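# Residue-level structural notes
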Amino acid sequence: MRRKQSADAAPDAPPLAVRTRLIAPPGANGLKISYAPEADGDADAGEIVWTWVPYAEGDGRGKDRPVLVIGRQDSEHVYAVRLTSQQHDGDRDYIAIGSGPWDARGRASWVDIEQLYSVHHRGMRREAAALDLDRFVIVANALRSRYGWDAEKRR
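The rules we used
- Residues numbered from 1 in each chain as written.
- Predicted model: local features only at pLDDT ≥ 70, side-chain atom pairs only at ≥ 80, totals over all residues.
- Heavy atoms only, no water.
- Core = buried A, V, L, I, M, F, W, Y, C linked by side-chain atoms within 4.5 Å.
- Buried < 20%, exposed > 50% of the residue type's maximum accessible area, 1.4 Å probe, protein only.
- Helix = DSSP H or I, 4+ residues; strand = E, 2+ residues; numbered from the N terminus.
- Salt bridge = Lys/Arg side-chain N within 4 Å of Asp/Glu carboxyl O.
- Phe/Tyr/Trp six-rings, centres within 6.5 Å; stacked < 30°, edge-to-face > 60°.
- Lys NZ or Arg CZ within 6 Å of the ring centre and 35° of its normal.
- Pairing = 2+ DSSP bridges.

### Overview of the nonpolar core
- In this structure, L68, I70 and L143 are the most contacted members of the largest nonpolar core, which totals 26 residues.
- If you list the elements that add at least two residues to this core, you get β4 (62–72), β5 (77–84), β6 (94–98) and α1 (133–147).
- Counting residues per element, this core draws most heavily on α1, which supplies six residues.
- Of all hydrophobic cores here, the second largest spans 11 residues; its members include A45, V69, A80 and M124.

This is the structure:
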């Protein structure tokens, strides 16, 4: 049985309880960037996963898109930044990461480091790929410079 959604919500949007949300970035001690991809069907830090992402207008519309998981928020949520295939060379709010298996058409991608999302584990549509450590470190360094977030050390 499908849940009824509000009239202004996109028909493919997940229920509100598990919907990906745009959130305010926490302070320097509020987020720890980590890298721990594991092909297990769960959203792990360092992985690019697909989820329904709301448009910035906050009017209930959005679309299915890839996001890069950068850390764990709590037992049910992860922190993520969205990817786009629109070119943003020279824009300080976007980090170029090139192409990868998360995009079936092989397009280059940019990570938007200005917007942070909270992704519920049941709101994730599918695990797409793990970003290699070298490219993840570039994104993590940009986030660290911008927000002061620390990174967990790998053992």
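### Things to note about the environment of G106
- Tracing the chain through its elements places G106 in the loop between β6 and β7 (109–112).
- It is 9.7 Å that separates the C-alpha atoms of G106 and S85, two residues lying 21 residues apart in sequence.

### Some points on the pattern of salt bridges
- Scanning the entire structure with this criterion turns up six salt bridges.
- Across the pair D150 and K32 runs a salt bridge whose closest N-O atoms are separated by 3.8 Å. Of this pair, D150 sits in strand β10 (residues 150–151) while K32 is found in strand β2 (residues 32–33), placing the two residues 118 residues apart along the sequence.
- For D150, a relative accessible area of 38% gives the class partly exposed.
- Classification of K32 by relative accessible area gives partly exposed; the value is 39%.

### So, the packing of aromatic side chains
- Overall, the coordinates contain two aromatic pairs when judged by the stated rule.
- When the ring of Y35 is compared with that of F136, the centres are 5.0 Å apart and the planes differ by 50°; the resulting orientation is tilted. With Y35 in the loop between β2 and β3 (47–54) and F136 in helix α1, this residue pair connects regions lying 101 residues apart in the sequence. Each member of the pair, Y35 as well as F136, is classed as buried.
- One cation-aromatic arrangement involves R19 over W52; the distance from NZ or CZ to the ring centre is 4.9 Å.

### A word on the pairing of β7
- Burial along β7 is two-sided: the residues S109 and V111 and W110 and D112 are all buried.
- Direction of pairing for β5 relative to β7: antiparallel, over a ladder of two bridges. Following the sheet pairing, T84 is matched in β7 by W110.
- Pairing geometry for β6 and β7, over four bridges, is antiparallel. Bridging from a neighbouring strand, Y94 pairs with D112 of β7.

### Brief notes about the pairing of strand β8 (residues 116–120)
- Taking burial as the measure, the five residues of β8 include five buried ones, the bulk of the element.
- Burial of β8 is two-sided: the residues L116, S118 and H120 facing one way and the residues Y117 and V119 facing the other way are all buried.
- Sheet topology places strand β1 (residues 21–23) next to β8; three bridges connect them, and they run antiparallel. Bridge pairing in β8 places L22 opposite Y117.
- Inspection of the sheet shows β5 paired to β8 by four bridges, in the antiparallel sense.

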